[in-house]
Amino acid sequence: MGLLDILLGRSRPVGPDLDRLFALPSAAVSLEAAASFTPTGQGAVCFATVEGAAFERTHHEIQALLDADAGRSPVELSRDSYGYSWLVSHRSPGELPLLVNDLHAVNSTLESGGFGPRLLCSLAGFTDAEGRRLALVYLYKRGTFYPFAPLSGDRRQRDNALELRVRAVLADELAVEDDLGRWFPLWGAPGV
């Protein structure tokens, strides 16, 4: 940051800090205590679709790294209706720390393979006894989290009151995104 930036009041945006993902297990404890949401065991990393041999090598590296853990479901690569790619990890609901390790490993491997600029977000899924769904979404380029709570059905509506309540619950646990305009809906995202 230069002197001109300081004089004009400009600041650099917060960059990615993948280690913030490791705050999810403790945040999940607070989320369960305050709102009765528990992990589903599903998480995913979203990135702009990439083609080519370099990505195939990186994808195989991710598969080999995560599939080395015997007894777990393989990591899946899928595409959504918007053309984005998702690497999806499945764990048992009680294995949130292992799921977070998977998400961190996928992000780190894509980043080290030169695909960091293509990374968009990561998410971990949660549900409650009433069947409501919730995702805690990590925005890669902002280094912040936000809750996404889709209502059930095909209406593509969100439970805004729940999202705001979750923000209040997790404000001391996670770096929550202040700009509500960046709380993007993730319709059809795996794990939500």
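The structure under discussion appears in the preceding block.
Residues numbered from 1 in each chain as written. Predicted model: local features only at pLDDT ≥ 70, side-chain atom pairs only at ≥ 80, totals over all residues. Heavy atoms only, no water.

**Digging into helix α3 (residues 53-67)**
Given 3.6 residues to a turn, an α-helix orients residues that are three or four positions apart in the same direction.
No. 1: Between its first and last C-alpha atoms α3 spans 21 Å; for 15 residues at 1.5 Å apiece the expected length is 21 Å, and the two agree.
No. 2: Along α3, the residues that are buried comprise F55, T58, H59, I62, Q63 and L66. Viewed end-on, α3 has its buried residues packed into an arc of 140°, placing them on one side of the element. Exposed and oriented more than 90 degrees from the buried face of α3 are A53, R57 and A64.
No. 3: On the buried face of α3, the contacting elements are β1 (38-48), β2 (76-79), β3 (84-90) and α4 (96-115). (Helix = DSSP H or I, 4+ residues; strand = E, 2+ residues; numbered from the N terminus. Expected span 1.5 Å × (residues − 1). Buried < 20%, exposed > 50% of the residue type's maximum accessible area, 1.4 Å probe, protein only. Arc of directions from axis to C-beta. Contact = heavy atoms within 4.5 Å.)

**Focus on the sheet that holds strand β4 (residues 119-127)**
Hydrogen bonds between backbone atoms are what pair the strands of a sheet, whose relative direction is either parallel or antiparallel.
No. 1: Pairing is antiparallel across the open sheet formed by 6 strands, whose spatial order is β2-β3-β1-β4-β5-β6. Looking along the sheet, the strands with just one partner apiece sit at the ends: β2 and β6 (144-148). When strand polarity is set aside, the average angle formed by the axes of neighbouring strands in this sheet is 25°.
No. 2: Where strand β5 (residues 133-139) meets β6, 5 bridges bridge the pair, whose relative direction is antiparallel. Across the sheet, V137 pairs through a bridge with Y146, a residue of β6. (Pairing = 2+ DSSP bridges. Axes fitted to C-alpha atoms, helices over the stretch in contact; angles between N-to-C directions.)

**Observations regarding the environment of V75**
No. 1: In this structure, V75 sits in the loop between α3 and β2.
No. 2: Overall, the relative accessible area of 5% leaves V75 in the buried class.
No. 3: Excluding residues that lie within four positions of it along the chain, V75 makes contacts with Q63, L66, D67, L87 and V88.

**Topic: the pattern of salt bridges**
No. 1: Tallying each qualifying case throughout the model produces 7 salt bridges.
No. 2: Residue D128 is joined to R132 by a salt bridge in which the shortest nitrogen-to-oxygen separation is 2.7 Å.
No. 3: The shortest N-O distance in the salt bridge between R132 and E130 comes to 3.7 Å.
No. 4: Through salt bridges that share partners, D128, E130 and R132 make up one connected network. (Salt bridge = Lys/Arg side-chain N within 4 Å of Asp/Glu carboxyl O.)

**Side note on the pairing of β5**
No. 1: Taken across its 7 residues, β5 has 6 buried, putting it largely inside the fold.
No. 2: Of the pairings in the sheet, the one linking β4 to β5 comprises 7 bridges and is antiparallel in character. Across the sheet, C121 pairs through a bridge with L139, a residue of β5.
No. 3: Connecting the antiparallel pair β4 and β5 is a turn made up of 5 residues, with G131 showing a positive phi of about 90°.

**Some details on the pairing of β3**
No. 1: Buried residues dominate β3, accounting for 6 of its 7 residues.
No. 2: As paired strands, β1 and β3 are joined by 7 bridges and run antiparallel to one another. Directly across from C46, in β3, lies its bridge partner W86.
No. 3: Where β2 and β3 come together, 4 bridges link them in antiparallel fashion. In the strand pairing of β3, E76 is matched with V88.
No. 4: Hairpin connection, β2 to β3: the antiparallel pair is bridged by 4 residues, and G83 has positive phi, about 95°.

**Observations regarding the nonpolar core**
Side chains of nonpolar character tend, in soluble globular proteins, to be buried together.
No. 1: Counting 54 residues, the largest nonpolar core has L31, W86, L110, L123, F126 and L186 as its most contacted members.
No. 2: The leading source of residues in this core is α4, at 8 residues. (Core = buried A, V, L, I, M, F, W, Y, C linked by side-chain atoms within 4.5 Å.)

**Things to note about the environment of Y84**
No. 1: Its place among the elements puts Y84 in strand β3.
No. 2: On a C-alpha basis, the gap between Y84 and L120 in space is 9.3 Å, while along the polypeptide they are 36 residues apart.
No. 3: When near neighbours in sequence (up to four residues on either side) are disregarded, Y84 contacts C46, F47, A48, T49, S78, R79 and L120.

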